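Coordinates in review
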Amino acid sequence: MNSLRGAPAPAKRGSQNLPEGDKMRDISYNRSAQHFSCDPAVIEKSHQRSSAYGLDQHDKPDIMPLDRSSLSLLLEQNRVLHAHALPVMETLYEQIVNTHNMVILTDAHGVIVHALGDDDFLVKANRVALNPGVTWSEQSKGTNAIGTAIAEGVPTTVHADAHYLSANHFLTCSAAPIFDYQGNILGVLDVSGDRGSYHKHTMALVRMSAQMIENQLFTAAFENAVTLHFHSRPEFIGTLVEGIACFTPGGRFLSANRSAMFQLGLSQAALQSHTFSSLFGLPLSTLFDHYRTAAPGLLNLCLHSGVKVYARAELRLSNSVFQHYSELPSLPAAAVPKVAPRRLSSLRYLNTGDPHMATLIGKLDKVIGRDIPILITGETGTGKELLAQAIHNDSPRKNNAFVAVNCASIPETLIESELFGYEEGAFTGARKKGGQGKLLQANGGTLFLDEIGDMPLSLQARLLRVLQERVVTPLGSTKAIPVNLAVICATNRNLRELIAANLFREDLYYRLNGLVVKLPALRERSDLDVIVDRLLAEAGNEGRCCSVAPDIMELFRRHSWPGNFRQLSNLLRTAVVMAGEDGLIRLEHLPDDFLEDVQAEPPLAVAAVSTDGAGSLEGLAQAAVRSAYEACGGNVSATAKALGVSRNTVYRKLNLR
Ligand SMILES: Nc1ncnc2c1ncn2[C@@H]1O[C@H](COP(=O)(O)OP(=O)(O)OP(=O)(O)O)[C@@H](O)[C@H]1O
């Protein structure tokens with residue numbers, strides 16, 4: 001049987017033929033169940049069509065399925081739809097199990113591809129053939145949810161005697177079309193059941209499930225694209241209402257789902273002439289830079305309408321595109337893997353040209369994924385935690401938790417329960433249900449023990465046991481729970497000295513130091529220019545580029561940076577704001593305390609800047625303050641505000657007192 005012959009093409013997405021205003025209404029997610037349930041006008045129109053197809057209400061329905069070879073062809077033709085729909089159908093079925101209902105997937109012509117159902121209803125369903133290979137187009141069965149949803153291109157409920165054929169009056173059915181990214185119907189998701197099982201929320205469930213399948217098909221359709229998930233509320237990212245838009249690696253718009261069109265206020269056709277930067281006012285490279293950081297959060301973007309949205313991007317690019325974007329200025333050719341991974345490496349992001357860092361990353365690359373304990377040393381703010389997160393991100397454990405514990409910041413009395421967890425009532429003040437503990441939270445992932453040198457001796461013994469035996473026994477419990485975790489430790493203290501002073505266990509030290517890497521201090525790094533550019537790009541200046549004046553860069557090179565990255569990053573963030581529209585960071589944009597530190601540094605450090613009196617640092621500072629003072633019409637308070645320094649500093653620099 002091929003009931004499809006002669007059947008009119010399924011409707012496009014309902015909005016496609018509507019004027020612009022109506023399109024927007026359609027994609028505005030009218031959540032009212034009534035909007036789609038058993039609309040009398042829709043049913044009436046469908047009954048007229050059914051009669052025009054020559055059907056009689058008392059006809060016996062055609063329940064013959066396709067023959068075996070046509071059925072396999074049908075399954076093959078709908079393989080992708082079926083693969084994406086199946087998990088969604090199973091979840092939907094879990095919601096309605098034991099309610100005398102079936103979940104049905106059809107192709108674009110209403111032929112059933114797959115059905116899941118309650119046993120008792122299946123018997124009845126068999127009578128009307130809600131089985132694979134049977135068609136439920138309007139031409140074949142008259143008015144019914146599947147066929148009518150296809151004909152109308154909208155979610156449709158057909159209840160009881162709203163069905164055209166009296167043989168189907170015992171049914172209640174809610175169906176939602178599944179569209180591809182061009183608005184063509186790919187198939188229909190339907191829940192059909194005994195009329196007594198009607199529930200007003202069924203349609204909402206079906207529509208949400210169809211939307212879920214659409215979103216999955218949408219992202220799968222753009223294998224080699226940059227996919228942006230966005231919404232004005234961060235909690236909605238990853239949900240059905242998120243906007244999804246795809247771009248070519250060069251930034252050209254490819255396609256958007258309904259929510260994206262609604263949020264952008266543009267139809268699919270209007271979006272075709274857009275690019276990522278025309279829609280979001282930023283170059284696409286912003287995304288690539290953002291995702292090279294070890295722990296990228298949500299992006300803040302601004303739509304061309306001025307609405308602020310949060311976004312998460314997926315950069316599913318081919319190797320060549322990945323290399324184009326990930327090549328770092330100083331990366332030696334030999335260090336670029338022949339076959340680059342398909343996602344951006346966090347470790348490579350940290351390799352900005354300093355040879356010491358390149359060697360360190362090379363060593364880490366070799367041990368990653370081998371569960372060799374890593375000990376990171378280095379001064380405060382050199383990026384120990386960032387490096388630990390990058391190691392985790394590049395490891396096979398990346399999809400599991402990265403749990404960081406700062407051993408110095410947790411009171412000694414709490415660190416045991418914090419790490420090992422506790423049973424209900426293990427100690428006074430213990431939470432009712434007990435606590436899981438960081439070791440168990442990190443199970444399957446990576447545990448980062450920061451400031452390990454500050455871990456109390458008594459706990460060092462317990463930690464050693466966990467690392468040796470790979471089991472955790474929560475406080476107050478006798479049950480040992482197996483754990484599988486990678487351990488990365490960090491310290492800015494000298495553990496050997498602590499061992500000599502009997503403050504750190506030697507056996508634990510040897511357990512933890514599978515590979516010891518020392519992060520260089522910022523003043524020792526040769527890639528300060530690249531680092532400054534990166535931090536400036538991250539600091540952002542409402543889309544404008546910011547740079548550092550050459551004399552200030554020289555100052556940076558000579559500063560000792562006791563706070564390392566933390567200090568530089570904070571300083572630049574403030575300086576970017578102070579520089580404002582100007583975009584060039586000059587002396588007057590640097591904070592007072594930094595200038596004072598620089599002046600207090602040994603003369604050698606300042607000497608290069610101060611070749612003569614006028615060019616001295618103090619001279620530069622005075623000139624900067626004087627020019628700001630003049631620009632502010634001699635107003636000390638305004639000058640101080642403009643420079644971000646205290647009024648006293650202005651007085652001092654200008655010798656006004
Ligand atoms: N390579 C880097 N590029 C950009 N930012 C960095 C880099 N390394 C560190 N930072 C930033 O510097 C700050 C300090 O980094 P992090 O906390 O990793 O340092 P740390 O060595 O663990 O510090 P502490 O010893 O004080 O705990 C963070 O804001 C981090 O994002």
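- In the annotation of an unreviewed UniProt entry, the entry for the protein chain reads Sigma54 specific transcriptional regulator with GAF sensor, Fis family, and the organism field reads Collimonas fungivorans.

1. Observations regarding the overall build of the protein chain
- When helices and strands are tallied, the protein chain shows 30 helices and 19 strands.
- Per-residue burial for the protein chain yields a buried fraction of 40% across its 657 residues.
- For the protein chain, restricting intrachain contacts to residue pairs at least 6 apart in sequence, the fraction spanning at least 24 positions comes to 65%.

2. Quick look at the sheet that holds strand S9 (residues 299-302)
- Taken in spatial order, the 5 strands make up an open sheet running S8-S7-S6-S10-S9, and their pairing is antiparallel. The open sheet terminates on both sides in strands that have one partner only, identified here as strand S8 (253-256) and S9. Pairwise comparison of adjacent strand axes, ignoring direction, gives a mean angle of 35 degrees for this sheet.
- Summarising the sheet, strand S6 (residues 226-231) and strand S7 (residues 243-247) pair through 5 bridges and their orientation is antiparallel. What sits directly across from Val-226, in S7, is Phe-247.

3. Thoughts on the site of the ligand
- Inspection of the region around the ligand gives 15 residues, with Thr-380, Gly-383, Lys-384, Glu-385 and Phe-565 positioned closest.
- Looking at the shell around the ligand, the elements with two or more residues in it are helix H17 (384-393) and helix H25 (564-579).
- Split by residue class, the shell around the ligand holds 4 nonpolar, 7 polar and 4 charged.
- Counting contributing residues per domain, the shell around the ligand is built from domain 3 (354-518) and domain 4 (523-653), each supplying no fewer than three.

4. Points about the pairing of S9
- Pairing of S9 with strand S10 (residues 308-315) involves 4 bridges; the strand directions are antiparallel. Counted as the bridge partner of Leu-299 is Ala-311 from S10.
- Where S9 folds back on S10, the antiparallel hairpin that results is connected by 5 residues, among which Gly-306 adopts a positive phi of roughly 95 degrees.

5. Considerations on unusual backbone geometry
- Positioned with a positive phi, His-100 is a non-glycine residue whose angle comes to about 60 degrees.
- Examined against the element boundaries, His-100 turns out to sit in the loop between helix H5 (79-96) and strand S1 (101-107).
- His-100 sits in the buried class, given 20 other C-beta atoms within 10 Å.
- Within the chain, Ala-160 stands out as a residue other than glycine whose phi angle is a positive 45 degrees.
- Structurally, Ala-160 is set in the loop between strand S3 (156-159) and strand S4 (171-179).

6. Some details on the nonpolar core
- If you look at the biggest cluster of nonpolar residues, it comprises 75 residues, and the most contacted ones within it are Ala-175, Leu-189 and Val-226.
- The residue makeup of this core includes at least three contributed by each of domain 1 (14-206) and domain 2 (222-321).
- Contacts of Leu-189, omitting those with residues within four sequence positions, involve Ala-85, Leu-105, Ala-175, Ala-176, Ile-178, Val-206, Ser-209, Ala-210 and Ile-213.
- Grouped together as the second largest cluster of nonpolar side chains are 45 residues, Met-357, Ile-374, Phe-420 and Met-455 included.

7. A look at the pairing of strand S13 (residues 446-450)
- Counting buried positions along S13 yields 5 of 5 residues, so the element is predominantly enclosed.
- Of the two faces of S13, the one lined by Thr-446, Phe-448 and Asp-450 and the one lined by Leu-447 and Leu-449 are each fully buried.
- Alignment of strand S12 (residues 402-406) against S13, held across 5 bridges, turns out to be parallel. Opposite Phe-402, over in S13, you have Thr-446 as the bridge partner.

8. Quick word on the environment of Leu-284
- Position of Leu-284 relative to the elements: it lies in the loop between helix H12 (276-280) and helix H13 (285-290).
- Looking at Leu-284, the number of C-beta atoms within 10 Å reads 22, which means it is buried.
- With 58 residues separating them in the primary sequence, Leu-284 and Val-226 have C-alpha atoms 9.2 Å apart.
- Not counting residues up to four positions away in its chain, the partners in contact with Leu-284 are Val-226, Phe-247, Gly-251, Phe-276 and Ser-277.

9. Structural notes on the packing of helix H23 (residues 528-539) against H25
- It is at 9 Å that the axes of H23 and H25 come closest, and there the two elements cross at 55 degrees. Here H25 runs oblique to H23, going by the angle between their axes. The element H23 and its partner H25 pack so that their crossing is right-handed. Two secondary-structure elements touch here, H23 through Val-532, Leu-535, Leu-536 and Ala-539 and H25 through Leu-568, Ser-569, Leu-572, Arg-573 and Val-576.
- The class makeup of the residues in the contact of H23 with H25 is 7 nonpolar, 1 polar and 1 charged.

10. Topic: the environment of Phe-280
- In this fold, Phe-280 is placed in helix H12.
- A tally of 26 C-beta atoms within 10 Å means that Phe-280 is categorised as buried.
- Spatially, the C-alpha atoms of Phe-280 and Lys-308 are 9.7 Å apart, while their sequence positions differ by 28 residues.
- Not counting the four nearest positions on each side in its chain, Phe-280 is found in contact with Leu-301, Cys-302 and Leu-303.

11. Examining the environment of Leu-522
- Within the secondary structure, Leu-522 is located in the loop between strand S17 (515-518) and H23.
- Leu-522 gets classed as buried once you count the C-beta atoms within 10 Å, which come to 25.
- With 38 residues separating them in the primary sequence, Leu-522 and Ser-560 have C-alpha atoms 7.8 Å apart.
- Contacts of Leu-522, omitting those with residues within four sequence positions, involve Trp-561, Asn-564, Phe-565 and Leu-568.

12. Some details on the sheet that holds S17
- Reading across the sheet, the 5 strands line up as S12-S13-S16-S11-S17 and stay open at both edges, with parallel pairing between neighbours. Whereas interior strands pair on both sides, the edge strands pair on one side only; in this sheet they are S12 and S17. The mean angle between the axes of side-by-side strands here comes to 20 degrees, regardless of whether they run parallel or antiparallel.
- Bridge analysis of strand S11 (residues 374-377) against strand S16 (residues 486-491) gives 4 bridges, and the strand direction is parallel. When the sheet's bridge partners are listed, Ile-376 is paired in S16 with Ala-490.
- Its contacts with the sheet put helix H16 (residues 355-367) on S11 and S17, and the angle it makes with S17 is roughly 155 degrees.

Parameters and conventions
Residues numbered from 1 in each chain as written. Predicted model: local features only at pLDDT ≥ 70, side-chain atom pairs only at ≥ 80, totals over all residues. Helix = DSSP H or I, 4+ residues; strand = E, 2+ residues; numbered from the N terminus. Buried ≥ 20, exposed ≤ 12 C-beta atoms within 10 Å, placed from the backbone. Contact = placed C-beta atoms within 7 Å. Pairing = 2+ DSSP bridges. Axes fitted to C-alpha atoms, helices over the stretch in contact; angles between N-to-C directions. Near = placed C-beta within 6 Å. Nonpolar A, V, L, I, M, F, W, Y, C, P; charged D, E, K, R; others polar. Domains from an automatic or database assignment. Core = buried A, V, L, I, M, F, W, Y, C linked by C-beta atoms within 7 Å. Parallel < 35°, antiparallel > 145°, perpendicular 65-115°, else oblique. Left-handed = near helix turned anticlockwise from the far one by under 90°.

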